[in-house]
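Commentary on secondary and tertiary structure
These are the residues of each chain, in order.
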Amino acid sequence: MRVLDHLLKSIRDAAVFNPEAQVAPACILWPDRERQWEAVIPVLQAELPELLILGDYAPDKRTGPAIWLRCAMAGYAEGVSLPKDRTPIFYLPGVSRQDLRAIESCPDNLKPLAELQYRGVIWSQINAKDWTILAYLKSEQGGLGLDVAQDNDAKNAMQLALYRLLDEDVSLLRGKRLDKDYFNTLLTGGDPIRDLLQWLDRGDAFQASRGENEWKAFIEVCKSQLIFNPDNDGLLAGATRLANHEGPWQAVWERYCEAPKRYPNIPSQIRKCQPPSKDLFWLNDDGTKDGWPQWSDDQENCLRRDLMALVNVPAHDARIKITELEHQHGLRRNSVWAELGATPLACTLEYLAIIAENTKSGLAAGSVDEIAAGYCSQGWLVDDGLIRALAQVDIPADFEAVTTAIRCVYLPWIEDSARYLQKSVDGASYPGGSCLTANTETFRTGDCILFVDGLRFDAGKRLVGYLEGRGLDIFEEPIWAALPSVTATGKAAVTPVRDKIRGKDESPDFEPSVVDTGQSLKGGYHLKKLLTDAGWSILKPSADGHGQGMAWCEFGDIDHEGHNRGCKLARNIDALILEIANRIAELLKAGWARVRVVTDHGWLLLPGGLPKIDLPSALADNKWGRCASLKPGAVSNERLYPWYWNPEQHFALADGVSCFKNGEEYTHGGLSLQECLTLQLTVTRSAVSGIVGFTNVVWKGLRCTVAVDGNFSGLSLDIRRQAGNSSSSVILGRKPLKDNGTASVVVEDEDMEGAQATVVLIDGGGSLVAQIATVIGGGLT
């Protein structure tokens, strides 16, 4: 029951009488000499239609002089109709009970009301004194019996906060000490730390959005709880104290760290302040939460210089240095500045360290099968690390530093492995073989082949992660691409009609032809005709088919994005792979029993450009990035390899990871593990989906951390008001679960604290996998 409800009942109960011995009172008089209740009278009038106010004539506000009140009580006041089943209540601001009792000296403007003290009743304390706010809250005889401070500061604060106090639940107030801090906090909205952060973020705009009383209460709370006066000390002094976060400001800092994006201007405010000397920077025990962004900037600058210094450093020394830098800077990824995107190099360093660790073991020894196995086991992590490292940086200076580190440790590793593979493979022993040695594959009704252009091995591994997160079964098979590793050659080689395709003797563009007609597959029409003639339906990118028969489908833009954007592909590749995972899920949902994911080739990606090697144009009929068809009789130092579709026709491949074109960051067509060893996937619906369960849900302020077990790969965390409605999410975006099954998200709207919600786990397709009820900021329901 609210304070307002108690107050209304108390006032109306003043008219209760014993009909056996008394007559009904004509009215209830409410004297308030100090006008303490005046500010909330409009609130009470909305609840008490019988409440009239003594004052200047304003009938629309149910206010008028004493004679008008008498007329209204008698039913003769125009425009005012009092309920017949209620006793009229007259609120008398600035009037005391004593003013009415002394009739002889009663002011003329009150005399029409004086005799009503005998025919009516007065709402007053049991000791006949007027009800003050303090008396009503504190008294156990007719009041609420609460524990209320009686100092002047508390009295002033309670009067200012009265309109908010009316909505408080009385049962929740019992057992609390209602002092100035409580009332000031209540007046400012009940969350002084949030208000302080909003003031630090918005400055004068925050003050302008608050009423005079609210601003005064805010200042009093800051003075009492934080030993800080916003008016006197100013905004920059507050920003300095937040950055230092000592004493009571530690709680403010922790709150800021829970949702720093809610206060976008605070970092710039702190940057205006003079930080302590570098030797005095404050650090947490783990070194992760220094409050000064200047410190983080200094660390980023130092890291940038250290990475740039790796130029011309031997690879083994560079790996040692990168590992040392990871130990030095890795903890900064847990800082608030990392969450705000201000530590891109520290974030990149995580993946540079992976590259450094996994390039210790080269792939330039043993048989071709052994180096392929090494790449499938660990080597692909190097390429994956390179893509993830590049995805972290945006500004040119950071990109240059990361490029320097990558070229120092990655380029020698990839160059050595490519040269060794090229040396190990001669024209007759390439493991990808030719159209003459290709195995015949069998297909069955319900098969759908999904062709993805340029799904490199590491990208295929990412795709596996997304698919496993949806509970799908995936069979992985490493496949050597057809040579040269370009789409014109490789796409046809992974079709189910490759036995009907061959290469002509003169085909400088590496486009094969239909065996029976000699028509080139260039343009795609004749390849689709071969497929349809063989009983395969062709699905458009937006069509799912009916799950019957066999289908061929093409989807994905990885190779197109790579050629167009170069290293910027790294920032977009996750979105591209997610689209592919969604497409696979749609096909399975449409009824296809198996989706076989195939690709034509991988690719090389190197920031700063691949090494350039010269091949005179006079020697080549057609020259691509990494391969070229030579003119008849031309002699070149480059190794020659037989064309997959016609082993009698040979072409030249660039040495190592070099390129026939200058400045190429992304290319393919040559012979390397990255270009030629691909991952073919066969995806089916799981007979028994993995069970995912919550093991822990912990709230710290508005940050929720969950832990799950089971098959959680590829799942993301969300918090929603309605579990099945994605638009009811209360966070900025889903958070993927980490490898250890944990994730942490922040509810940005602090007004939602205490509200019912549902913690949900979502797979890559947006489907609900698991859910558990919670209370925002307060655990499980």
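Residues numbered from 1 in each chain as written. Predicted model: local features only at pLDDT ≥ 70, side-chain atom pairs only at ≥ 80, totals over all residues. Heavy atoms only, no water.

**A short note on the overall build of the protein chain**
Looking only at helices and strands, one finds 30 helices and 28 strands in the protein chain. At 39 Å, the protein chain has a C-alpha radius of gyration far larger than the 28 Å of a compact globule built from 781 residues. Taking the principal axes of the C-alpha coordinates as reference, the protein chain spans close to 130 × 65 × 45 Å. Counting across all 781 residues of the protein chain, residues that qualify as buried make up 51%. (Helix = DSSP H or I, 4+ residues; strand = E, 2+ residues; numbered from the N terminus. Rg over C-alpha atoms; globule rule 2.2 N^0.38 Å. Buried < 20%, exposed > 50% of the residue type's maximum accessible area, 1.4 Å probe, protein only.)

**Here we look at the packing of helix α25 (residues 457-469) against helix α29 (residues 573-589)**
Two elements in contact, α25 and α29, have axes separated by 9 Å at closest approach and are oriented at 55 degrees. What the angle tells us is that α25 and α29 run oblique. For α25 against α29, the interelement crossing comes out right-handed. Here Ala459, Arg462, Leu463, Tyr466 and Leu467 of α25 lie close against α29, whose contacting residues are Ile573, Asp574, Ile577, Leu578, Ile580, Ala581 and Ile584. A breakdown of the residues in the contact of α25 with α29 according to their chemical character gives 10 nonpolar, no polar and two charged. (Axes fitted to C-alpha atoms, helices over the stretch in contact; angles between N-to-C directions. Parallel < 35°, antiparallel > 145°, perpendicular 65-115°, else oblique. Left-handed = near helix turned anticlockwise from the far one by under 90°. Contact = heavy atoms within 4.5 Å. Nonpolar A, V, L, I, M, F, W, Y, C, P; charged D, E, K, R; others polar.)

**With respect to helix α1 (residues 3-13)**
Taken together, the buried positions of α1 are Val3, Leu4, Leu7, Leu8, Ser10 and Ile11. Burial along α1 is one-sided: seen end-on, the buried residues are contained in an arc of 165 degrees. The inward-facing, buried residues of α1 contact β1 (28-32), α2 (41-47), β4 (89-93), α7 (133-138), α9 (162-165) and α10 (170-173). (Arc of directions from axis to C-beta.)

**Remarks on the packing of aromatic side chains**
Applying the stated criterion to the full structure yields 28 aromatic pairs. Taken together, the ring pairs connect Trp30, Trp37, Tyr91, Trp123, Trp131 and Tyr136 into an aromatic cluster. (Phe/Tyr/Trp six-rings, centres within 6.5 Å; stacked < 30°, edge-to-face > 60°.)

**Some remarks on the pairing of strand β16 (residues 620-623)**
Sheet topology note: the β16/strand β17 (residues 627-630) ladder contains three bridges and is antiparallel. Bridge pairing links Ala620 to Leu630 in β17. (Pairing = 2+ DSSP bridges.)

**Some thoughts on the sheet that holds strand β22 (residues 692-700)**
If you trace the three strands from one edge of the open sheet to the other, you get β22-β23-β26, paired in antiparallel fashion. Two strands bound the open sheet, and with one partner strand each, they are β22 and β26 (742-746). If you compare each strand with its neighbour and ignore which way they point, the axes differ by 20 degrees on average. With five bridges connecting them, strand β23 (residues 703-710) and β26 associate as antiparallel partners.

**Here we look at the nonpolar core**
In terms of nonpolar packing, the biggest core is built from 112 residues, with Leu352, Leu463 and Ile584 touching the most fellow members. A per-element tally of this core places helix α24 (residues 396-424) first, with 12 residues. Setting aside residues no more than four positions away along its own chain, Ile584 makes contact with Leu450, Leu463, Leu467, Val595, Val597 and Val683. Core analysis: the second largest hydrophobic core is formed by 41 residues, Leu7, Trp37, Trp123 and Leu187 among them. (Core = buried A, V, L, I, M, F, W, Y, C linked by side-chain atoms within 4.5 Å.)

**Concerning the packing of helix α23 (residues 368-392) against α24**
Where α23 contacts α24, the axes come no closer than 12 Å and their chain directions differ by 160 degrees. Our classification of the angle between α23 and α24 gives roughly antiparallel. The interaxial crossing formed by α23 with α24 has left-handed handedness. In this structure, α23 contributes Val368, Ile371, Tyr375, Gly379, Val382, Asp383, Leu386 and Leu390 to the contact, and α24 contributes Phe399, Val402, Ile406, Tyr410, Trp413, Tyr420, Leu421 and Ser424. A class-by-class count of the residues in the contact of α23 with α24 yields 13 nonpolar, two polar and one charged.

**Here we look at the side chain of Ser434**
In this structure, Ser434 sits in the loop between α24 and β8 (447-451). Among all residues touching Ser434, those that are not within four sequence positions of it are Tyr644 and Pro647.

**Let's talk about α24**
Side chains three or four residues apart in an α-helix point the same way, a direct result of the helix having 3.6 residues per turn. With 29 residues, α24 extends 39 Å between its outermost C-alpha atoms, agreeing within 8% with the 42 Å of an ideal straight helix rising 1.5 Å per residue. At Arg407, α24 shows its strongest bend, of approximately 40 degrees. (Expected span 1.5 Å × (residues − 1). Bend = angle between axes of the 7 residues up to and from the residue.)

**Re the sheet that holds strand β13 (residues 550-554)**
Across the sheet, which stays open at both edges, the six strands sit in the order β9-β21-β14-β8-β13-β12 with mixed pairing between neighbours. In this open sheet, the two strands that pair with only one neighbour each are β9 (473-480) and β12 (536-539). Averaged over neighbouring strand pairs, the angle between their axes works out to 20 degrees when direction is ignored. Here strand β14 (residues 594-598) runs beside strand β21 (residues 677-684); their pairing, made up of three bridges, is antiparallel.

**Quick word on the confidence of the model for the protein chain**
Per-residue confidence for the protein chain gives a mean pLDDT of 90; residues scoring 70 or more make up 97%. Per-element confidence in the protein chain ranges from a low mean pLDDT of 76 for β16 to a high of 98 for strand β15 (residues 604-605). (pLDDT = per-residue confidence, 0-100.)

**Quick look at the pattern of salt bridges**
Taken as a whole, this structure holds 47 salt bridges when the rule is applied. We note a salt bridge from Arg703 to Glu339, for which the minimum N-O separation is 3.2 Å. Within this pair, whereas Arg703 is found in strand β23, its partner Glu339 is found in helix α21 (residues 336-339), the two being separated by 364 residues in sequence. Residue Glu339 is classed as partly exposed on the basis of its relative accessible area, which comes to 34%. (Salt bridge = Lys/Arg side-chain N within 4 Å of Asp/Glu carboxyl O.)

**Here we look at the environment of Pro31**
When you line up the elements, Pro31 lands in strand β1. You can call Pro31 buried: its relative accessible area is 1%. Sequence separation between Pro31 and Asp130 is 99 residues; the distance between their C-alpha atoms is 6.5 Å.

**Quick word on the side chain of Arg456**
Residue position: Arg456 is located in the loop between β8 and α25. At a separation of 2.6 Å, a polar atom in the side chain of Arg456 contacts the side chain of Asp458. A polar contact of 2.9 Å, which involves the side chain of Arg456, links it to the backbone oxygen of Trp603. Those residues within four positions of Arg456 in sequence are excluded, and the remaining contacts are Asp383, Ile387, His601, Gly602, Trp603, Leu604, Leu605 and Gln674. (Polar contact = N/O pair within 3.5 Å; in protein donor to acceptor, adjacent residues only side chain to side chain.)

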